[in-house]
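These are the residues of each chain, in order.
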Amino acid sequence: MKRDKSIIQKDMSKCYVCGTTTDLHTHEIFFGTADRKKSIEWGCYVRLCAKHHNMSNAGVHLCHWLDRKLKEIAQKEFESLYGHDKFMEIFHRNYL
């Protein structure tokens, strides 16, 4: 069963990291050509402000720690709904 909303973030009107409500971007947690679409289809995305997305060193695209943390959170949520085997079938990599 595929989802059309985030399995991680319930309130998409604020930044997942800091809670601000301005300049929000959708971040597909598993990005890249194939995984970006899978992230959207399976609800593995969050809203991030520009600072926490790609406009500073604290952003997920430049901060390895934040990128890894979001992947861990997404995998845990995904597996709680669909299981580990399904996660590996879809995303092919274990982040835990």
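The shown structure was predicted, so the numbers you read here are calculated from the model rather than taken from an experiment.

Engineer: Lay out the pairing of strand E2 (residues 45-49) with the relevant residues and their values.
Structural biologist: When you tally the buried positions in E2, you get four out of five residues, the bulk of the element. Where strand E1 (residues 24-28) and E2 come together, five bridges link them in antiparallel fashion. Bridging across to E2, His27 finds its partner in Val46.

Engineer: Provide a residue-level description of the packing of aromatic side chains, including the pertinent values.
Structural biologist: Any two aromatic rings considered together are summarised by their centre-to-centre distance and by the angle between their planes. Taken as a whole and judged by the stated rule, the model has ten aromatic pairs. With 4.4 Å between their ring centres and 35 degrees between their planes, Phe30 and Phe91 make a pair best called tilted. With a gap of 61 residues between them, Phe30 in the loop between E1 and helix H1 (33-41) and Phe91 in helix H4 (residues 84-91) connect regions that are remote in the sequence. Residue class for Phe30 comes out buried when judged on its relative accessible area of 2%. Relative to Phe91, the ring of Phe87 lies with its centre 5.1 Å away and its plane at 40 degrees, an arrangement referred to as tilted. Of this pair, Phe87 and Phe91 both sit in helix H4, four residues apart, which is roughly one turn of that helix. According to the relative accessible area criterion, Phe87 is buried, its value standing at 0%. Phe91 gets classed as buried once you look at its relative accessible area, which sits at 4%.

Rules used throughout
For every chain, the first residue of the written sequence is number 1, and numbering continues from 1 onward in sequence order. Given that this is a predicted model, residues contribute local features only at a pLDDT of at least 70 and side-chain atom pairs are listed and counted only at 80 or more, while totals for whole chains, interfaces and linings are drawn from all residues. Only heavy atoms go into the side-chain values, all of them from the structure, while hydrogens and water stay out. A 1.4 Å probe rolled over the protein chains alone gives each residue an accessible area, and that area as a share of the maximum for its type sets the label: buried under 20%, exposed over 50%, partly exposed in between. Numbering of helices and strands runs from the N terminus, with a helix taken as a DSSP run of H or I at least four residues long and a strand as a DSSP run of E at least two residues long. For two strands to be treated as a pair, DSSP must find at least two bridges joining them. A pair of Phe, Tyr and Trp rings is counted when the ring centres sit within 6.5 Å of each other, with Trp represented by its six-membered ring. The angle between the planes then sorts it: under 30 degrees is stacked, over 60 is edge-to-face, the rest tilted.

Interpretation note: all reported values are geometric properties and have no functional meaning in isolation.
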